[in-house]
Amino acid sequence: MPNKEKSIAEIQARMSQEGFWDHQEQANKAMQELKGLKNIVEPFTECVKRVNDAKEFLELAADDADLNTQLADEAAALKVQIDSLELQAHLSGPFDHANALLSINAGAGGTESCDWAAMLMRMYARHADLKGYKCETIDILHGDEAGIKNVTLRIEADKAYGFLKSEKGVHRLVRISPFDANKRRHTSFASVEVIPEVEDDSDVEINPAELRIDVYRASGPGGQGVNTTDSAVRITHLPTGMVAQSQKERSQLQNKAQAMKVLRARLSALKSQQQIDVMNKEAGDKQKIEWGSQIRSYVLHPYLMVKDHRTGVETGNAQKVLDGELDLFIEGFLKTKPEDRDKRLKERQQEI
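Predicted model only: the values in this text are computed from it and were never measured.

Colleague: Explain the overall build of the protein chain to me, and be specific about the residues and the numbers.
Modeller: Along its length, the protein chain carries nine helices and 11 strands. With respect to the three principal axes, the spread of C-alpha positions in the protein chain is 70 × 65 × 50 Å. Within the span of the protein chain, comprising 352 residues, buried residues form 39% of the whole. Residue pairs in contact within the protein chain that sit at least 24 positions apart in sequence constitute 61% of those at least 6 positions apart. When the accessible area of the protein chain is evaluated, it comes to approximately 20100 Å², of which 50% is carbon and sulfur surface.

Listed below in structure tokens is the structure:
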């Protein structure tokens, strides 16, 4: 905490210097850093003050029933605040403070999986709304009959990536299919990718000569045109084959800038993963089970249950989860050690 308070004082001192606002980009970056530091320091300082005040009142309470009741209420409120601070302490990764780019891809299974992908999209949009996050659709490809084949959401909030990184992996749905006339039970899969939105000045270098840029007209369900001009942009990074696209803006230049942001974030995530793979290989560790195994199951028939296979957290209120109440699973993920999550997934894979 003293180091963070020192950093706040240094930034505030720079802000008071002449010419600080002449370089708008650097000034905005400093302001974001200041905001992030204050979001940690101020709640902690307030919590310490409330605890000390409560201790003083406790000495005065004695046999005062009303004061004891007030202290009990304050203790309950402090527990909630302290739990929140402890959860924040788990978000210490280099990109945990960043906005999140969340992509959903329907698995094999045609309309069933496309509909499941659309349900997941609604779940994350509802979660963002409940948490007060800003959520926007960057790109979407609708299914042939229903649902979506893939979608990319940009979720803007302090520590959005830190919280939502728990959602990366394969999500499994078991239900009576609304598309099956015989009302049989179906299992559908969809994969979720979550990457941090990195700054343009990150250490990821992109050679323009290695990019293929295509423009096209955005379309919606049934083939109707969303935009009346060829404003949607698709950028392919030829060395890796990675693709990023955007169609949310009516301006081709804006869509290109947004697609470049997504591509830069994906290349940064790829670089980080490659570094982890190299370290694991040097250490002789086995590769983590992530993309290839389901991390969570949503069972709507013959009973109701949502279970996270990495942490063991589960609930019978499946509808509440699909309506965006994900805090139970996010907190469970953050509070469980990585080695314990890997162990649970491996045990689950062996059972299957």
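Back to the write-up after that little detour.
Colleague: Describe the packing of aromatic side chains, naming the residues involved and giving the relevant values.
Modeller: Taken as a whole and assessed by the stated rule, the structure comprises two aromatic pairs. Summarising the aromatic geometry, the rings of Phe-20 and Trp-21 are spaced 4.9 Å apart at their centres and angled 90° between planes, so their arrangement reads as edge-to-face. Each ring, one from Trp-116 and one from Tyr-298, has its centre 4.9 Å from the other, and the planes form 65°; the classification is edge-to-face. With Trp-116 in helix 4 (residues 111–131) and Tyr-298 in strand 9 (residues 294–299), this pair connects stretches of sequence that are 182 residues apart.

Colleague: Give a description of the sheet that holds strand 6 (residues 211–216) that names residues and reports values.
Modeller: Here we have three strands laid out as an open sheet, ordered 6-7-8, and antiparallel in their pairing. The strands lining the two open edges of the sheet, one partner per strand, are strand 6 and strand 8 (242–246). Direction aside, neighbouring strands of the sheet carry axes that sit 15° apart on average. With six bridges connecting them, strand 6 and strand 7 (residues 232–237) associate as antiparallel partners. Across the sheet, the residue bridging to Arg-212 is Thr-236, located in strand 7.

Colleague: Run through the packing of helix 2 (residues 24–61) against helix 3 (residues 65–89), naming residues and quoting values.
Modeller: Helix-helix packing is described using two parameters, namely the angle between the two axes and the distance between the axes. Running from amino to carboxyl end, helix 2 crosses helix 3 at an angle of 155°, the nearest separation of the two axes being 10 Å. With respect to helix 3, the axis of helix 2 lies roughly antiparallel. Once helix 2 is placed against helix 3, the crossing between them reads as left-handed. Contact with helix 2, carried on its side by Pro-43, Phe-44, Glu-46, Cys-47, Arg-50, Val-51, Ala-54, Phe-57, Leu-58, Leu-60 and Ala-61, involves Leu-67, Asn-68, Leu-71, Glu-74, Ala-77, Leu-78, Gln-81, Ile-82 and Leu-85 of helix 3 and no other residues of that element. For the contact of helix 2 with helix 3, the class distribution of residues is 15 nonpolar, two polar and three charged.

Colleague: Let's hear about the environment of Lys-35: which residues, and what values?
Modeller: For Lys-35, the position within the fold is in helix 2. As for Lys-35 and Ile-8, which are separated by 27 residues in sequence, their C-alpha atoms are 9.0 Å apart.

Colleague: With reference to specific residues and values, describe the sheet that holds strand 9.
Modeller: On the basis of which strands lie adjacent, the open sheet formed by eight strands has the order 2-3-1-5-4-9-10-11 and mixed pairing. Pairing within the sheet leaves two strands with one partner each, and these edge strands are strand 2 (134–142) and strand 11 (314–315). Bridge count between strand 2 and strand 3 (residues 148–156): eight bridges; the pairing is antiparallel. Note on strand 3: the bridge partner recorded for Leu-141 is Asn-150. Sheet strands in contact with helix 4 are strand 1 (100–106), strand 2, strand 3, strand 4 (169–176), strand 5 (185–196) and strand 9, and its direction is about 45° off that of strand 5.

Thresholds applied
- Residues numbered from 1 in each chain as written.
- Predicted model: local features only at pLDDT ≥ 70, side-chain atom pairs only at ≥ 80, totals over all residues.
- Heavy atoms only, no water.
- Helix = DSSP H or I, 4+ residues; strand = E, 2+ residues; numbered from the N terminus.
- Buried < 20%, exposed > 50% of the residue type's maximum accessible area, 1.4 Å probe, protein only.
- Contact = heavy atoms within 4.5 Å.
- Areas by Shrake-Rupley, 256 points an atom, 1.4 Å probe, with all protein chains shown as cover.
- Phe/Tyr/Trp six-rings, centres within 6.5 Å; stacked < 30°, edge-to-face > 60°.
- Pairing = 2+ DSSP bridges.
- Axes fitted to C-alpha atoms, helices over the stretch in contact; angles between N-to-C directions.
- Parallel < 35°, antiparallel > 145°, perpendicular 65-115°, else oblique.
- Left-handed = near helix turned anticlockwise from the far one by under 90°.
- Nonpolar A, V, L, I, M, F, W, Y, C, P; charged D, E, K, R; others polar.

Functional significance is not addressed by these values, which are geometric in nature.
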